[in-house]
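Structure assessment
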Amino acid sequence: LNAWDSVITPPLAGRSSAKPRSTGYTMVLDKGLGLHATDDLLSLAGAYIDAVKLTFGTSALYPEALLRAKIERIRAANCDVYPGGTLLEIAVIQGVYDQYLRRARELGFTAIEVSDGTIELAVALRREVISRAVDAGFKVISEVGKKDPKEEIAIGLMHEEIALDRSLGAFKVIVEARESGRGVGIFDAAGNVEVDELDQIVKGVDDPNALIWEAPIKNQQVYLIGRFGSDVNLGNIPTDEVIALEALRVGLRGDTLKLALKIGTWKG
Amino acid sequence: LNAWDSVITPPLAGRSSAKPRSTGYTMVLDKGLGLHATDDLLSLAGAYIDAVKLTFGTSALYPEALLRAKIERIRAANCDVYPGGTLLEIAVIQGVYDQYLRRARELGFTAIEVSDGTIELAVALRREVISRAVDAGFKVISEVGKKDPKEEIAIGLMHEEIALDRSLGAFKVIVEARESGRGVGIFDAAGNVEVDELDQIVKGVDDPNALIWEAPIKNQQVYLIGRFGSDVNLGNIPTDEVIALEALRVGLRGDTLKLALKIGTWKG
Amino acid sequence: LNAWDSVITPPLAGRSSAKPRSTGYTMVLDKGLGLHATDDLLSLAGAYIDAVKLTFGTSALYPEALLRAKIERIRAANCDVYPGGTLLEIAVIQGVYDQYLRRARELGFTAIEVSDGTIELAVALRREVISRAVDAGFKVISEVGKKDPKEEIAIGLMHEEIALDRSLGAFKVIVEARESGRGVGIFDAAGNVEVDELDQIVKGVDDPNALIWEAPIKNQQVYLIGRFGSDVNLGNIPTDEVIALEALRVGLRGDTLKLALKIGTWKG
């Protein structure tokens, strides 16, 4: 039970509370929390976190014992944990993808991100990479979009990738926005949502809940909650913003309290 | 005793060191520190912190036992601790304000923030809300200003609110600047101080020490220290900036060391 | 051994792994980590950190016992530790420089930063300040550049200072960019590298490895790694960016993985 449950009703409805969640997914971008900070995060916010991404190739820089201990704690809090997609891209290019999956399993990772944010993955290879990870028993989160805005992919191709990845068994498809959330994908250089871009992506997807939006910045989260509801899937949440995001999801922060009052789900 | 006391004299004079302080108040905005981080903060910077705000409605997202443990630690460091004003606004709209105060007391909170940053509080209701919190034995910090710049209140009304709140026993009145400190109240979109706005506020207040300035960004803190002195009351200080702010207050950082040299309080 | 060593080869070559390093130096700017956070940082990233700067005069705000405990932990991880240059500037102006060096030694600091970012140091005094710190057995890191862009020094003078400091035994000379990395030294107001400024500095220095670049922002780090290689000396790295920077140095992040692919050091 939470501290104010006997007094306060969360103003914004629609948040699912039970894990494992298939909607309302919150993925946290971890750039290198140590064990004390990991314990802090999980004991306070574990209920609100669905997955922890040890971003880019950072997990390759951990002493092994420390990485194992951290993964164990994250799993004990009933969260998925996976290495950043960049590490997979490196494994693919280095021709060690099978070893990558085996090692990920040994280390305790429960999920795999399949991306081609930096490299090119031909469709056949993308198909194989996803399928093998699914076959190996991982929850697969595939990514669409490029890290470099100069390389942005055509919307039709993105729709094809999303459909393909889902048909191959990807749990969700995540839309690239990097750690910064600026000048990439659906966000302009100031981090504001480019609604047209977002509309185009959504238009070609049968189930918007199949998508996770990387949205590291508050105004992005507010927009997406307003657009898709409390239980929109969000990723690349900074570790120190998890509670703040959860407050947004349930209307315990000004921006979405306002929304709750406006759209009439206020329960006062 | 601090580490360099036998050698270095803080360059900028005027900082009061003893708690409880009625001037030079530093309020920290806490978005969800766990217990290790709370211990870290208090053991290093507890002497420089007067109050910890568990901001917006975040405290409603804590497991109860963890919240109680955290509040206990904060109080043991001789700091006030209170929930964000948004939580009070929700309680008021949900018609559970009495229960809110009782629960706050049970959980161990020592202070209450009364705000209408998101909702509207008619004067009669504002009066009642403040009075009841004062009567219940809380240190009351009331807030003026709106979270949404489109709703900015008239300066005359702000002066009336400040005077009213003080007459009702509010300990201080805090000037809204949100967590971001940008495009709100006395700060422009880049976070710079709009001196005219600030002047207008100050002009209608008999004692500037009655105010706490929310000032999350360094250049804001530097300006306010330059304007009102080392012991200006500041709020919404990020948890990882407390020591940096204290360094500014006493001239142990370039920006205010410069100030100390210029205004002749240099003690070399 | 690190977690993925048996599978993944770091894509970008040239990173030296052994400490003490004379090249590839990473200096971390610490604004006030407590002991749990310090332990977290060192246990995860200690191998990638060469020095921890307790920035500005923050170390003068620590309870003595806590400072000693923290310094001990940092030294145990085989990292240098030193107070910010601003504290030295204050000691010099207050006429207590000898006591400053003695006290730094007593407290356990291993290095000294000599700067004149805020005050003016005449050449003769600069010479004396550096020499005395060297004679006292400290590793000396001297700094060139001003905190205030209006005071920028002439490039010729900077070259003279760098040469002088090196001749006096300074371990490295660090180029000022403050904590912010914006609108100071080689960085414009948006934090982008002003390549001309950088070229001018480099042109007058016999060994670029004599320099440490303060570079708190990712795009700055990417540029400098691209320009000078994995083992460029970097400083003012935020404590929560150390692993992310190391990922950049070895090509485990998109930005420099791309670089690795482009410049042909890819080992796949």
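In what follows, the structure referred to is the one given above.
The structure contained in this document is the topic of the report that follows. From a predicted model like this one, the values you see are computed outputs, not experimental measurements. (Residues numbered from 1 in each chain as written. Chains lettered and ligands numbered in written order. Predicted model: local features only at pLDDT ≥ 70, side-chain atom pairs only at ≥ 80, totals over all residues. Heavy atoms only, no water.)

**What to know about the sheet that holds strand β8 (residues 234-238) of chain C**
Residues and elements named next belong to chain C. Here we have eight strands laid out as an open sheet, ordered β3-β2-β1-β8-β7-β6-β5-β4, and parallel in their pairing. One side of each edge strand has no neighbouring strand; the edge strands of this open sheet are β3 (80-83) and β4 (111-114). Here the average twist between neighbouring strands, direction ignored, is 25°. Bridge analysis of strand β7 (residues 211-214) against β8 gives two bridges, and the strand direction is parallel. When the bridges of β8 are listed, Glu-214 appears paired with Gly-235. Along the sheet, helix α6 (residues 155-167) makes contact with β5 (139-144), β6 (172-175) and β7, crossing β5 at roughly 175°. (Pairing = 2+ DSSP bridges. Helix = DSSP H or I, 4+ residues; strand = E, 2+ residues; numbered from the N terminus. Axes fitted to C-alpha atoms, helices over the stretch in contact; angles between N-to-C directions. Contact = heavy atoms within 4.5 Å.)

**Describing the interface of chain C and chain B**
Listed by partner, the interface residues are 39 residues for chain C and 33 residues for chain B. Roughly 3000 Å² is buried in total at the junction of chain C and chain B, and carbon and sulfur atoms are behind 64% of that figure. The interface formed by chain C and chain B contains five salt bridges. The residue Lys-258 of chain B makes a salt bridge to Glu-151 of chain C at a minimum N-O spacing of 2.4 Å. Between the two partners, chain C and chain B, sit 15 residue pairs in polar contact (both at pLDDT 80 or more). (Buried area = accessible area lost by both parts, 1.4 Å probe. Salt bridge = Lys/Arg side-chain N within 4 Å of Asp/Glu carboxyl O. Polar contact = N/O pair within 3.5 Å; in protein donor to acceptor, adjacent residues only side chain to side chain.)

**Section: the pattern of salt bridges**
A full pass over the atoms with the stated rule returns 84 salt bridges over all chains. Its salt-bridge partner being Asp-165 of chain A, residue Arg-126 of chain A comes within 2.6 Å of it at the nearest N-O pair. Remark: Asp-165 of chain A occurs in helix α6 (residues 155-167) and Arg-126 of chain A occurs in helix α5 (residues 123-135); sequence separation between them is 39 residues. With a relative accessible area of 0%, Asp-165 of chain A lands in the buried category. Residue Arg-132 of chain C is joined to Glu-128 of chain C by a salt bridge in which the shortest nitrogen-to-oxygen separation is 2.2 Å. Residue Arg-132 of chain C and its partner Glu-128 of chain C are both found in helix α5 (residues 123-135); the two are separated by four residues, about one turn of the helix. Overall, the relative accessible area of 37% leaves Glu-128 of chain C in the partly exposed class. Within this structure, Lys-31, Arg-178 and Glu-179 of chain A together with Lys-218, Glu-241, Arg-253 and Asp-255 of chain C form a network of salt bridges that share partners. (Buried < 20%, exposed > 50% of the residue type's maximum accessible area, 1.4 Å probe, protein only.)

**Describing empty space enclosed by the protein**
In this approach the atoms are scanned with a rolling probe the size of a water molecule, which exposes any empty space left behind. Residue and element names in this part refer to chain B. Taken as a whole and judged by the stated rule, the model has one cavity of 30 Å³ or more. The volume enclosed by the largest cavity comes to roughly 140 Å³. Around the largest cavity, the lining is made up of 19 residues, and of these Lys-53, Thr-55, Phe-56, Thr-86 and Lys-147 lie nearest the centre. Ranked by residues supplied to the lining of the largest cavity, first place goes to helix α3 (residues 85-93) with three residues. Among the residues forming the lining of the largest cavity, the class breakdown is two nonpolar, seven polar and 10 charged. (1 Å grid on protein atoms, 1.4 Å probe; cavity = no way out; pocket = protein on both sides within 12 Å on 5 of 7 lines; lining within 4 Å. Points joined across faces, edges and corners; volume = space filled by probe spheres on them. Nonpolar A, V, L, I, M, F, W, Y, C, P; charged D, E, K, R; others polar.)

All quantities given are derived from atomic positions and should not be read as evidence of function.
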